[in-house]
Amino acid sequence: MGRTILRKPDKELVDFYGIITVAPEMQEFFALVSRVAATESTVLIRGETGTGKELVARAIHKLSGRARRPFRALNCATLTPELLASELFGHVRGAFTGAVRDRRGLFSLADTGTVFLDEVAELPLDIQARLLRVLQEQTFVPLGGTDPITVDVRLISATHQALRRGVTERRFREDLMYRLRVVPIFLPPLRQRSGDIEALAWHFIDQFNQRGGRVVEAIDDPAMAALLAYPWPGNVRELRNVVEYAFAIGVEPVISLADLTPELRGEPPSDEPASPGMAERQRIERALHESGGRKSLAAERLGMSRSTLWRKMRELKITGWPRGSPR
Ligand SMILES: Nc1ncnc2c1ncn2[C@@H]1O[C@H](COP(=O)(O)OP(=O)(O)O)[C@@H](O)[C@H]1O
Ligand SMILES: [Mg+2]
């Protein structure tokens with residue numbers, strides 16, 4: 001056929017608590033993570049969506065003196081304010097309709113351990129006030145309760161947007177911002193990690209090869225060039241999704257350009273039936289299904305922002321999500 005095909009390079013992968021990389025830039029980052037882990041400081045992880053912020057939070061916990069204690073994570077963007085408050089602080093029986101028994105919240109369940117709050121910039125203001133009290137006094141009152149509960153938790157939080165912007169727009173308390181970012185650390189995007197697009201593509205190909213079905217042995221030159229040129233706004237999560245898409249779409253042992261998503265091929269998603277738009281539609285519907293119709297969670301799965309998801313849903317005329325088995 002005369003096309004150049006690329007096989008898996010023989011590179012040593014670093015696995016830092018599940019963060020796979022070959023990038024020299026990441027070594028410095030891991031050293032920093034190890035240093036802050038040993039302290040009790042409140043850490044704020046900054047990084048684009050899909051860069052592995054939750055993996056970093058778990059690494060900090062495992063490297064800390066609290067490693068054998070509980071670790072609890074929550075994404076603040078995925079719940080309604082009521083559910084979020086109950087999830088974090090618990091509630092007493094009768095606190096609201098449906099609260100038929102007392103329920104412990106995350107802070108109580110993670111006592112002596114670590115709590116990780118992802119997308120912390122999304123917290124509603126009244127919950128911000130409660131969180132500030134946890135950080136200042138180590139106490140909180142469950143919903144509908146009267147007595148404060150005292151806990152010992154280390155807080156790690158993450159955000160893809162600057163908290164400062166939330167402060168400027170009066171969505172975020174300035175005092176809480178200072179409390180949260182005692183130690184800010186910045187997780188680089190995929191496009192700034194030398195060698196990682198290729199290394200992680202192969203890492204995920206290995207994973208999908210083990211599932212059975214299509215077996216991929218190589219990537220052809222144009223496909224690799226497209227992978228390397230793409231800016232990866234959804235970072236590692238998006239790369240994994242693209243590899244999964246290629247496994248679902250193609251049949252040959254070589255991944256070619258035709259197996260990649262429209263974004264990767266530089267085409268705008270279209271809504272023509274039986275076109276790449278169809279595949280996009282299926283991807284979105286499936287993500288919506290798997291996240292129970294919660295758009296923020298679906299967007300995270302897809303490695304796109306919520307506004308991008310909304311726009312695509314509008315363009316593809318997706319109104320809800322199909323119930324029943326995912327396609
Ligand atoms: N360097 C990496 N190596 C392997 N998997 C990764 C890496 N970074 C992220 N992931 C995977 O990508 C997904 C998104 O990671 P996550 O920590 O939730 O990102 P974020 O919180 O920054 O959006 C998860 O499934 C995670 O396991
Ligand atoms: Mg996350």
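The preceding data block contains the structure.
What counts and what doesn't
- Residues numbered from 1 in each chain as written.
- Chains lettered and ligands numbered in written order.
- Predicted model: local features only at pLDDT ≥ 70, side-chain atom pairs only at ≥ 80, totals over all residues.
- Heavy atoms only, no water.
- 1 Å grid on protein atoms, 1.4 Å probe; cavity = no way out; pocket = protein on both sides within 12 Å on 5 of 7 lines; lining within 4 Å.
- Points joined across faces, edges and corners; volume = space filled by probe spheres on them.
- Helix = DSSP H or I, 4+ residues; strand = E, 2+ residues; numbered from the N terminus.
- Nonpolar A, V, L, I, M, F, W, Y, C, P; charged D, E, K, R; others polar.
- Pairing = 2+ DSSP bridges.
- Expected span 1.5 Å × (residues − 1).
- Buried < 20%, exposed > 50% of the residue type's maximum accessible area, 1.4 Å probe, protein only.
- Arc of directions from axis to C-beta.

1. Section: empty space enclosed by the protein
In this approach the atoms are scanned with a rolling probe the size of a water molecule, which exposes any empty space left behind.
Point 1. Applying the stated criterion across every chain, the model contains 2 cavities of 30 Å³ or more.
Point 2. Volume-wise, the largest cavity comes out at about 50 Å³.
Point 3. Lining the largest cavity are Ala201, Ile205, Ile219, Leu227, Val242, Val243, Ala246, Ile255 and Leu260.
Point 4. Those elements giving two or more residues to the lining of the largest cavity turn out to be α8 (196-209) and α10 (235-249).
Point 5. The element contributing the most residues to the lining of the largest cavity is α10, with 3 residues.
Point 6. Broken down by class, the residue content of the lining of the largest cavity amounts to 9 nonpolar, no polar and no charged.

2. Here we look at the sheet that holds strand β11 (residues 218-220)
Point 1. Spatially, the 3 strands line up as an open sheet ordered β1-β11-β12, and their pairing is mixed. At either end of the open sheet lies a strand with only one pairing partner, and these are β1 (5-7) and β12 (254-255).
Point 2. Two strands pair when backbone bridges link them, and β11 and β12 are joined in this way by 2 bridges, in the parallel orientation. Pairing of Ala218 across the sheet is with Val254, part of β12.

3. Some remarks on helix α1 (residues 24-37)
Residues lying three or four places apart along an α-helix face the same way, a consequence of the helix completing one turn every 3.6 residues.
Point 1. The end-to-end C-alpha separation of α1 is 21 Å, in line with the 20 Å expected for 14 residues at 1.5 Å each.
Point 2. Turning to α1, its buried residues are Met26, Phe29, Phe30, Val33, Val36 and Ala37. Take α1 and look down its axis: the buried residues cluster within an arc of 130°, on one side only. Facing away from the buried side of α1 by over 90 degrees, the exposed positions are Pro24, Glu28 and Arg35.

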